[in-house]
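Reading the structure
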Amino acid sequence: MRKITNDIYYAGVDDKKIDLFEGQYVVPNGMAYNSYVVKDEKISVFDTVDVNFTHEWLDNVEEILDGAKPDYLIVQHMEPDHSANIKNFLNAYPNAKIVANEKTLAMMQQFFQMNFNEYAVTVSDGDTLCTGRHTFTFVFAPMVHWPEVMVTYDSADKVLFSADGFGKFGALDAEEEWACEARRYYFGIVGKYGAQVQNLLKKAAALDIQIICPLHGPVLTENLEYYLDLYNTWSSYGVESEGIVIAYTSVYGNTKRAVEILAEKLKEKGCPKVVVNDLARCDMAEAVEDAFRYGKLILATTTYNAELFPFMKQFIDHLTERNYQNRMIGLIENGTWAPQAAKIMKESFAKSKNITFAQPVVRIHSALSTANSEEIEALANEMCKDYIARSSEMANKHDWSALFNIGYGLYVVTCNDGKKDNGLIVNTVTQLTDTPYRVAVNINKQNYSHHVIRQTGQLNVNCLSVDAPFKVFERFGFQSGRAVNKFTSCQPNRSDNGLVFLPRYINSFMSLKVEDYVDLDTHGMFICSVTEARVMNDRETMTYTYYQENVKPRPETEGKSGFVCKICGYIYEGTELPDDFICPLCKHGAADFEPI
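The paragraphs below set out a description of the structure included in this document. Counting from 1, residues in each chain are numbered in the order their sequence is written. At least 70 in pLDDT is required for a residue's local features to be given in this predicted model, at least 80 for side-chain atom pairs to be given and counted, and no such filter applies to totals for whole chains, interfaces and linings, which use all residues. Remark: hydrogens and water are excluded; side-chain values derive from all non-hydrogen atoms of the structure.

1. Notes on empty space enclosed by the protein
Buriedness of a pocket was judged along seven lines, with at least five required to meet protein on both sides within 12 Å; pockets are open sets of points on a 1 Å grid over the protein atoms alone, cavities are sets where a 1.4 Å probe fits but cannot get out, and lining residues have an atom within 4 Å of a point. Grid points are joined across faces, edges and corners, and a volume is the space filled by probe spheres set on the points. Throughout the structure, instances matching the rule amount to one cavity of 30 Å³ or more. By volume, the largest cavity amounts to about 70 Å³. Taken together, V144, L160, S162, G165, F166, V197, L200, L201, A204 and Y231 make up the lining of the largest cavity. Partitioning the lining of the largest cavity into residue classes produces eight nonpolar, two polar and no charged. Here the nonpolar group is Ala, Val, Leu, Ile, Met, Phe, Trp, Tyr, Cys and Pro; Asp, Glu, Lys and Arg are the charged ones; every other residue, Gly included, is treated as polar.

As structure tokens, this is what we get:
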């Protein structure tokens, strides 16, 4: 008998015999089907398990109950691996009630061909159920990943019963990294529904969660920010790890040879991780996981029956049906008389958002040629442009075209106080002269970075690009570097002055040395010479307007009165906003608030 808290017990089972989960996903370490019992004045059981473990599960429940009888069976999800024993549960405990929503009850009738109305306690989104010490709040999560799904929050022990969310492949005793099998599980099963997961994460952000109890995989009790951050990255289709994935098919070895040469070139040019998947032989789910994990993808295949080679077609279908987006894709095609694989591959991503196709396309006619070697070199340069720019050895550190990216944009200014790195968001960077190159940077005196730069005389200006997500602005704009280390979960690069420049989400950066300072009352203007300038990529600079219209989340103002911060969305509820009010999140003043 395993206790999670004083009142919450684990009643699930491990399936060590299963070879394919949902008939398609290889699970060498089995699966866990989780169920939970909450002992209170009234006793609740959360979900059942797969049909093959009826008696084992009922034995677990009976042992936990120790002679008591359950009052409720809370059904969060109707997939058979979690719901198969609802009827068996009622046979064993006929006086228990089933807590479910309307969609769940309709599905229940379909699965079991019986009417459950006499057992039903029907709940709506946001409803609560008090069982004594515990109060459960039911939060609907439609299409995560079925339409009836709901999760449950226990305010007493601060537990989120998360249904299939935060689950993973593997039995509970599997010794494996959580993220690897959780990532494969997520993108294989939930990946299409990123927007719905984002909606659920927004609801979860308002809850004080200390423990997550999923329906698959281990109970999560420590470092929950790590798991929540990964889910945020996955569901927003962001880049989790730096690197390039090559997925290929090859009939007679010539395409494979091109891939091998390209992989070596990518490594030589600073790519931190090159993952190669032979789609005819690898686990397709693993290949899909890799494509979503890393920021860049190269597809190499032959034209086959005037179409794509079957394994490549299947792979691309897996990506596009899961809303693959926000990536750079390079293409290699091979054909003897009518090669058109590259054209078909490109067309396959027509409905995918924010896909950039690298140039050139490598076109092999049967076997590798001298021209192909040059194309492979050029493709490697294009795919690794930002990696080359990050490299101390390979980068062009005097690419003055970096200054062309200065405009009315948004920037992360980095500095170091001698103990730790720091960074903040600014929106006023101006080029003053080009002989010599000089730049002015305005920083609010209330910011800790202003104090640091006054002391050190050094800073880096990172020009944010349009792919920068809101989490960048949360990290560098809504907290003080005096109180937190903004680089705790980041592995930054360093320029020649020893300061950080961001590994992602910038198109260029400049290292600056302070030559003069102008006091502007609330702000200070640092007039600087440019000691280093690098262009990372060709993406557009993030402007203030673009941030407002496309990046900043819309504040939830419905039913509220008061004022909302135009910068971060913070809501001040009241009839009048004090003239000296400072936003507690982004530190902007009353001038940046507007009435709701």
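2. Observations concerning the layout of surface pockets
The calculated volume of the second largest pocket comes to roughly 750 Å³. Taken together, 33 residues make up the lining of the second largest pocket; nearest its centre are I425, N444, N447, C586 and H588. For the lining of the second largest pocket, the secondary-structure elements that each account for two or more residues are β25 (421-426), β27 (437-444), α14 (448-456), α15 (470-477) and α16 (544-551). Comment: elements are numbered from the N terminus, with helices defined as DSSP H or I runs of at least four residues and strands as E runs of at least two. The element contributing the most residues to the lining of the second largest pocket is β25, with five residues.

3. A few points about the nonpolar core
As a rule of thumb, soluble globular proteins bury nonpolar side chains together. Take the buried Ala, Val, Leu, Ile, Met, Phe, Trp, Tyr and Cys residues and link them wherever side-chain atoms come within 4.5 Å; each set so joined is a nonpolar core. We call a residue buried when its accessible area falls under 20% of the maximum for its residue type, exposed when it is over 50%, and partly exposed in between, using a 1.4 Å probe and counting protein chains only. F21, M108, L299 and F315 are the most contacted members of the largest nonpolar core, which totals 96 residues. The element best represented in this core is helix α5 (residues 178-190), accounting for eight residues. With sequence-adjacent residues up to four places away left out, F315 is seen in contact with A247, L279, M284, A287, V288, A291, L297 and L299. The next biggest cluster of nonpolar side chains, apart from the first, holds 32 residues, and it includes A468, Y505, I506 and A590. Contact between two residues is taken to exist if any of their heavy atoms lie within 4.5 Å; hydrogens are not considered.

4. Quick notes on helix α9 (residues 284-293)
Most of α9 is tucked away, with eight of its 10 residues classed as buried. One side-chain oxygen of the residue at the start of α9 lies 2.9 Å from the amide nitrogen of A285, identifying that residue as D283. We define a polar contact as two N or O atoms separated by no more than 3.5 Å, with the added condition that, inside protein, one atom must be a possible hydrogen donor and the other a possible acceptor, whereas residues neighbouring each other in sequence contribute only through side-chain atom pairs.

5. A look at the sheet that holds strand β12 (residues 128-130)
Here, any two strands with at least 2 DSSP bridges between them count as paired. Spatially, the five strands line up as an open sheet ordered β12-β13-β14-β15-β16, and their pairing is mixed. Looking at which strands have only one partner, the edges of the open sheet turn out to be β12 and β16 (211-213). Direction aside, the axes of adjacent strands within the sheet are offset by 20° on average. One ladder, built from five bridges, connects strand β13 (residues 135-140) with strand β14 (residues 150-154); its direction is antiparallel. Note on β14: the bridge partner recorded for T137 is Y153. Angular values range over 0 to 180 degrees, each being the angle between N-to-C directions of two axes fitted as lines to C-alpha atoms, with helices fitted over their stretch in contact.

6. Some thoughts on the pairing of strand β32 (residues 523-535)
The buried count for β32 comes to 10 of 13 residues, which makes it a mostly enclosed element. Here seven bridges tie β27 to β32, and the two strands are oriented antiparallel to one another. Each residue of the ladder has a partner; that of R438, found in β32, is S529. Pairing of strand β31 (residues 506-520) with β32 involves 12 bridges; the strand directions are antiparallel. Paired with S511 across the two strands is E532, which belongs to β32. Adjacent in sequence and paired antiparallel, β31 and β32 are bridged by two residues, among which D521 carries a positive phi angle near 70°.

7. Re the sheet that holds strand β35 (residues 593-595)
Across the sheet, which stays open at both edges, the three strands sit in the order β34-β33-β35 with antiparallel pairing between neighbours. Every other strand in the sheet has two partners, leaving β34 (571-572) and β35 as the edge strands with one partner each. Where strand β33 (residues 563-565) and β34 come together, two bridges link them in antiparallel fashion. Bridge assignment links F563 to a residue of β34, and that residue is Y572.

8. Side note on the packing of helix α8 (residues 254-268) against helix α12 (residues 370-383)
As a packed pair, α8 and α12 sit with axes 9 Å apart at the nearest point and diverge in direction by 45°. Considering the angle they form, α8 stands oblique to α12. When you trace α8 past α12, the crossing you get is right-handed. Residues A258, I261, L262, K265 and L266 of α8 lie in contact with α12, whose contacting residues are I376, E377, L379, A380 and M383. Considered class by class, the residues forming the contact of α8 with α12 number eight nonpolar, no polar and two charged. Should an angle lie under 35 degrees it is considered roughly parallel, over 145 roughly antiparallel, and from 65 to 115 roughly perpendicular; all remaining angles are considered oblique. Here a crossing is taken to be left-handed if its near helix is turned anticlockwise relative to the far helix by less than a right angle, and right-handed if that turn runs clockwise.

9. What to know about unusual backbone geometry
Here V144 and H145 are connected by a cis peptide whose omega angle stands at 5°. Topologically, H145 is positioned in the loop between β13 and β14. Residue P436 is reached from T435 by a cis peptide bond, and omega for that bond is 0°. Mapped onto the elements, P436 comes out in the loop between β26 (429-434) and β27. Positive phi is not limited to glycine here, since Y237 has a value of about 60°. Within the fold, Y237 resides in the loop between α7 (224-235) and β17 (241-248). Judged by its relative accessible area of 7%, Y237 is buried. Positioned with a positive phi, A306 is a non-glycine residue whose angle comes to about 60°.

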